[in-house]
Amino acid sequence: PHPVAVVTGASSGIGAASARALSDAGYHVVLGARRADKLAEVASAVGGTAVALDVTDQASVDAFVARVREDLGRCDVLVNNAGGALGADSVAEANLDDWQWMYDVNVLGTVRVTQALLPLLIGSGDGQVITIGSVAAREAYEGGAGYNAAKFGVAALSRVLRIELLGQPVRVCEIDPGMVETEFSLVRFKGDAQKAAAVYDGVTPLSAEDVAETVRWVATRPAHVNIDQILMLARDQSSAK
Ligand code: NJP
């Protein structure tokens, strides 16, 4: 039987590319996200299983994990990728609805899915939790406040999880990308394509496939090797943005 990889937020961008990369590496991939049509399209292209998932909804997470347990009976790799930014406001002008969404999807979403899959990951005998954080977890920047707060939280979560799991057969890795060309900026600027495009500002961004290749590399290291943290930036990117 193939090892099983679960990828959250697999309907576009880094998640979709990671699903493809892990499928190419021999995993049976379970893809989770909210947009059923896009998710089904990606899943059929990579030969994986699409299962509806909203990481902000505990009942949805429980149903998702029940499907993994019942249909496949195992989980070897979890890629916590579902996430994103909303708005670019300051602390002084924080839109707390946007901040709440960022915290719920990035931080609590990662906790919900990790917590529910942990028994299967431990049972695998060589489980891996790979979480997509951000350069925004390493560096505060103007316009980043809410996203900084959320992704610093995600980084802390990944690091404490590794400590908690010492002595268990589970590896924990945080991959922090810089600028990646996906739907990320369009979501952040609520559909304003002009603002979204301005983010790149003369920099050639990473592609989703660049990050997915790193996910695949981390997942395929030998069982005794724990790659803790990776920061990957676009060459010409001076800082977080
Ligand atoms: O963006 P995008 P990326 N439940 O918008 C899903 C981080 N990152 O690939 O639910 C379940 O194409 C959404 O699916 P859907 C970023 O913070 C990026 O760039 O169908 N899934 C979609 O598949 C994030 O953690 C950049 O709408 C939910 C996916 O998430 C990760 O990379 C820089 C969901 C987002 O795909 C992937 O983002 C950086 C929910 N409640 C970090 N809500 C960058 N692109 O520049 C959303 O530092 N999704």
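Since this is a predicted model, take the numbers as computed values, not measurements. (Residues numbered from 1 in each chain as written. Predicted model: local features only at pLDDT ≥ 70, side-chain atom pairs only at ≥ 80, totals over all residues.)

Peer 1: Is there a simple way to think about the site of the ligand in this case?
Peer 2: Taken together, 34 residues sit near the ligand, with G9, G13, R34, G83 and S134 positioned nearest. Every element with two or more residues in the shell around the ligand is listed here: α1 (13–24) and α6 (184–188). A total of three residues in the shell around the ligand trace back to one element, the largest contributor, which is α1. (Near = placed C-beta within 6 Å. Helix = DSSP H or I, 4+ residues; strand = E, 2+ residues; numbered from the N terminus.)

Peer 1: How should the packing of helix α3 (residues 58–72) against helix α4 (residues 96–123) be read in this particular structure?
Peer 2: When two helices pack together, their arrangement is given by the angle between their axes and by how far apart the axes lie. For the pair α3 and α4, interaxial distance at closest approach is 9 Å and the crossing angle is 25°. Between α3 and α4, the interaxial angle falls into the category roughly parallel. As for the relative orientation of α3 and α4, their crossing is right-handed in sense. Residues Q58, V61, D62, V65, V68 and R69 of α3 lie in contact with α4, whose contacting residues are R112, V113, A116, L117 and L120. (Axes fitted to C-alpha atoms, helices over the stretch in contact; angles between N-to-C directions. Parallel < 35°, antiparallel > 145°, perpendicular 65-115°, else oblique. Left-handed = near helix turned anticlockwise from the far one by under 90°. Contact = placed C-beta atoms within 7 Å.)

Peer 1: Got a minute to help me understand the sheet that holds strand β6 (residues 170–177) in this structure?
Peer 2: What links the strands of a sheet is backbone hydrogen bonding, and the strands pair in either a parallel or an antiparallel sense. Taken together, seven strands build an open sheet; the order of strands is β3-β2-β1-β4-β5-β6-β9 and the sheet is parallel. The outermost strands of the open sheet, each flanked by one partner alone, are β3 (49–52) and β9 (229–232). Along the sheet, successive strands turn relative to each other by an average axial angle of 15°, direction set aside. In this structure, β6 lies alongside β9, joined through four bridges in parallel fashion. If you follow E174 over to β9, its bridge partner there is Q229. Each of β1 (4–8), β4 (77–80), β5 (127–132) and β6 is contacted by α4, which is oriented at about 175° to β4, the strand it contacts most. (Pairing = 2+ DSSP bridges.)

Peer 1: In this structure, what is going on with the packing of α1 against helix α8 (residues 208–219)? I would like to understand it.
Peer 2: Where α1 contacts α8, the two axes come as close as 8 Å, and the packing angle between them is 45°. As judged from the angle between their axes, α1 and α8 are oblique. The element α1 and its partner α8 pack so that their crossing is right-handed. Of α8, the residues touching α1 (which contributes G13, I14, A16, A17, S18, R20, A21 and L22) are A208, E209, V211, A212, E213, V215, R216 and A219.

Peer 1: Would you take a moment to explain the environment of Q58 for this structure?
Peer 2: Locating Q58 in the fold gives a position in helix α3. Residue classification places Q58 among the partly exposed positions, given that 13 C-beta atoms sit within 10 Å. C-alpha separation for the pair Q58 and V107, spaced 49 residues apart in sequence, amounts to 13 Å. (Buried ≥ 20, exposed ≤ 12 C-beta atoms within 10 Å, placed from the backbone.)

Peer 1: Looking at this model, I keep getting lost on helix α2 (residues 36–46). Mind explaining?
Peer 2: For the α-helix, the turn length of 3.6 residues means that residues three or four positions removed from each other point alike. Listing the buried residues of α2 in full gives L39, V42, A43 and V46. Buried residues in α2, looked at end-on, bunch into an arc of 100°, giving them a common side. Pointing more than 90 degrees away from the buried face of α2 are the exposed residues D37, S44 and A45. Where α2 is buried, its residues touch α1, β2 (28–33) and β3. At the exit of α2 stands G47, carrying a positive phi of roughly 70°. (Arc of directions from axis to C-beta.)

Peer 1: What should I look at first to understand the nonpolar core in this one?
Peer 2: Side chains that are nonpolar tend, in soluble globular proteins, to be buried together. Formed by 66 residues in total, the largest nonpolar core has its most connected members in V6 and L31. Aside from chain neighbours lying at most four places away, what touches V6 is V30, G32, V68, C75, L78, V79 and L117. (Core = buried A, V, L, I, M, F, W, Y, C linked by C-beta atoms within 7 Å.)

Peer 1: So what exactly am I meant to see when it comes to α1 here?
Peer 2: Compared with the 16 Å implied by 1.5 Å per residue over 12 residues, the 17 Å span of α1 between its first and last C-alpha is a close match. With 11 of 12 residues buried, α1 lies mostly within the body of the structure. Along α1, the positions that sit buried rather than exposed are G13, I14, G15, A16, A17, S18, A19, R20, A21, L22 and S23. With its phi angle positive at about 105°, G26 sits one or two positions after the end of α1. (Expected span 1.5 Å × (residues − 1).)

Take it as geometry only, folks, not as evidence of what the structure does.
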